[in-house]
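# Understanding the architecture of this molecule
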Amino acid sequence: MDSAIKTGNKTLENNVNSPEYVLEIEHLKKSFDDKQVLNDISLKLKKGENLVVLGKSGHGKSVLIKCIVGLLTPDAGILKVFNKEITDLNKDELTELRRRIGFLFQNSALYDSMSVRENLEFPLQRQDEPLSKEELIPLIEEVLEAVGLLDAIDKMPSDLSGGMRKRIGLARTLILKPAIMLYDEPTTGLDPITSSEISLLILDIQKKYNTSSIIITHDMACAKVTNDRIMVLKEGEFIAEGSYEALENSEDEFVRSFFESTN
Ligand SMILES: Nc1ncnc2c1ncn2[C@@H]1O[C@H](COP(=O)(O)OP(=O)(O)OP(=O)(O)O)[C@@H](O)[C@H]1O
C-alpha cells in the first residue's frame with residue numbers, strides 16, 4: 001500500500017469528527033461466499049473534492065459504491081458518510097442519506113415514456129412533500145441550464161443523443177441537490193468529443209454546486225480533466241494515490257498500464 005494512504009489513515013483516525021471530510025472509509029472488507037472483493041479499502045473524500053478512482057473491470061468498483069450508499073453491508077471496517085457510521089443508521093436515516101448522494105450510472109436510465117420535463121419532475125415528486133407545478137418549473141430549468149440543455153425540456157429521451165441523455169441523467173440527479181456525487185464510468189460508450197464535454201460538465205458541477213465527487217473511470221482523458229486526486233484500485237485494494245502526473249510516471253506497472261492504454 002502506498003505510504004501516502006497509510007499516513008492518510010492515521011490522519012483519519014485523529015480526525016473522525018472533522019467536517020472537512022464528507023466520506024471516510026477505513027479498512028473496508030467485503031466478500032461473497034469465499035471470494036474477497038474488497039480486501040482493505042481506505043479512503044477519505046474531502047468536501048468539494050473530485051476524487052478519481054481508476055479500476056479495471058471486476059476489481060470491485062461497483063461493490064464499493066454499493067457499500068457507500070448502504071445497498072451492501074460491509075463485512076468489516078468503518079464507513080462514515082457526513083460523519084455518521086452508515087451501519088448505525090436506521091431505515092429513515094439511510095433513505096435521507098441516499099437522498100444526499102447522487103449517482104450517475106453508466107446507463108442514464110431515463111424513463112422512455114416520459115418527456116425530459118417529466119423525467120426531472122419524478123425524483124422531486126417522490127419526496128415526502130411533493131412540490132406544486134409552479135415550484136417545480138424553476139428547479140427544472142435551473143438544472144437543465146446547468147447541463148446546457150434547457151432547449152430539450154419538452155423532448156422525449158428517444159429524440160436525444162447518448163451524450164444528451166447522459167446530461168439529462170445528470171440533471172435528474174442534481175435536482176435533489178446532492179452533497180456527494182458518485183459517477184460510475186460517466187463517459188463509457190460516448191465518443192471522444194462528447195466524453196470531453198461530460199468531463200468538463202463534471203468540473204462545472206463541482207464548482208456550481210460545490211459537490212464532493214467520486215468519479216470511477218478508466219477513461220484517462222476524463223480522469224485528467226476532472227481529478228483533484230487519483231486513487232488506483234487493484235483487486236479490492238488501493239495500491240496508489242497521487243496526481244495524474246505522479247501516477248503516470250509510477251514505477252508500478254499496473255498503475256502505468258492505465259496511462260499506456262491511452263497512448
Ligand atoms: N452480489 C454479488 N454476489 C456475488 N458476487 C458479486 C456480487 N457483486 C459483485 N460480485 C463479484 O465481485 C467482483 C467485483 O464486482 P464489481 O461489480 O464491483 O466489479 P467492477 O469493478 O464494478 O467491474 P465492472 O466495471 O465490470 O462493473 C466480481 O467478480 C463480481 O462477480
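In the block above lies the structure referred to throughout.
Attention here is on the structure that accompanies the text. (Residues numbered from 1 in each chain as written. Predicted model: local features only at pLDDT ≥ 70, side-chain atom pairs only at ≥ 80, totals over all residues.)

### Concerning the overall build of the chain
Helix and strand content of the chain: 10 helices and 10 strands. Relative to its length of 263 residues, the chain is compact, with a C-alpha radius of gyration of 19 Å against a globular reference of 18 Å. Along the first, second and third principal axes, the C-alpha atoms of the chain reach 55 × 45 × 35 Å. Taken across its 263 residues, the chain has 38% of its residues classed as buried. Partitioning the intrachain contacts of the chain with sequence separation of at least 6 by distance along the chain shows that 68% fall at a separation of at least 24. (Helix = DSSP H or I, 4+ residues; strand = E, 2+ residues; numbered from the N terminus. Rg over C-alpha atoms; globule rule 2.2 N^0.38 Å. Buried ≥ 20, exposed ≤ 12 C-beta atoms within 10 Å, placed from the backbone. Contact = placed C-beta atoms within 7 Å.)

### What to know about the site of the ligand
As a matter of local geometry, the ligand sits amid F32, V37, G55, S57, G58, H59, G60, K61, S62 and V63. Counting residues per element, the shell around the ligand draws most heavily on helix α2 (residues 61-68), at 3 residues. A class-by-class count of the residues in the shell around the ligand yields 3 nonpolar, 6 polar and 1 charged. (Near = placed C-beta within 6 Å. Nonpolar A, V, L, I, M, F, W, Y, C, P; charged D, E, K, R; others polar.)

### With respect to the environment of E85
Take E85: it is sitting in strand β5 (residues 84-85). For the pair E85 and I205, spaced 120 residues apart in the sequence, the C-alpha separation amounts to 27 Å. Once you skip the residues sitting within four places of it in the chain, E85 turns out to touch I78, L79 and K80.

### Thoughts on α2
In terms of residue burial, α2 counts as a mostly covered element, since 6 of its 8 residues are buried. Among the residues making up α2, those that are buried are K61, V63, L64, I65, C67 and I68. Residue G70 follows α2 closely and has a positive phi angle near 80°.

### As for the pairing of strand β2 (residues 35-46)
Pairing analysis gives 8 bridges linking strand β1 (residues 21-32) to β2, with the strands arranged antiparallel. Bridge pairing links Y21 to K46 in β2. Taking the residues between adjacent antiparallel strands as the criterion, β1 and β2 are bridged by 2 residues, where D33 takes a positive phi near 50°. (Pairing = 2+ DSSP bridges.)

### Describing helix α6 (residues 162-174)
Here α6 spans 18 Å end to end across 13 residues, near enough to the 18 Å set by a 1.5 Å rise per residue. When you tally the buried positions in α6, you get 10 out of 13 residues, the bulk of the element. Elements that come into contact with the buried residues of α6 comprise β6 (101-104), α4 (116-125), α5 (133-146) and α7 (192-209). (Expected span 1.5 Å × (residues − 1).)

### Describing the packing of α6 against α7
Two elements in contact, α6 and α7, have axes separated by 10 Å at closest approach and are oriented at 15°. When the interaxial angle is binned, α6 and α7 end up roughly parallel. Every pair of crossing elements has a handedness; the one defined by α6 and α7 is right-handed. On the side of α6, the interface is formed by G162, G163, K166, R167, L170 and L174, while α7 contributes T194, E197, I198, L201, I205 and Y209. Considered class by class, the residues forming the contact of α6 with α7 number 6 nonpolar, 3 polar and 3 charged. (Axes fitted to C-alpha atoms, helices over the stretch in contact; angles between N-to-C directions. Parallel < 35°, antiparallel > 145°, perpendicular 65-115°, else oblique. Left-handed = near helix turned anticlockwise from the far one by under 90°.)

### Thoughts on unusual backbone geometry
One non-glycine residue with positive phi stands out, namely N83, at about 65°. Relative to the elements of secondary structure, N83 occurs in the loop between β4 (76-81) and β5.

### Some details on the environment of C67
Tracing the backbone shows C67 in helix α2. The spatial distance from the C-alpha of C67 to the C-alpha of L28 is 9.1 Å, given a sequence separation of 39 residues. Ignoring anything within four residues of it in the chain, the contact list for C67 reads L28, K30, L72, P74 and L79.

### As for the packing of α4 against α5
Running from N to C, α4 and α5 cross one another at 115°; their axes reach a closest spacing of 10 Å. When the interaxial angle is binned, α4 and α5 end up roughly perpendicular. Note on packing geometry: the crossing formed by α4 with α5 is right-handed. Between α4 and α5, the contacting residues are R117, L120, E121 and L124 on the first element and L136, L139, I140 and V143 on the second. Residues belonging to the contact of α4 with α5 are distributed by class as follows: 6 nonpolar, no polar and 2 charged.

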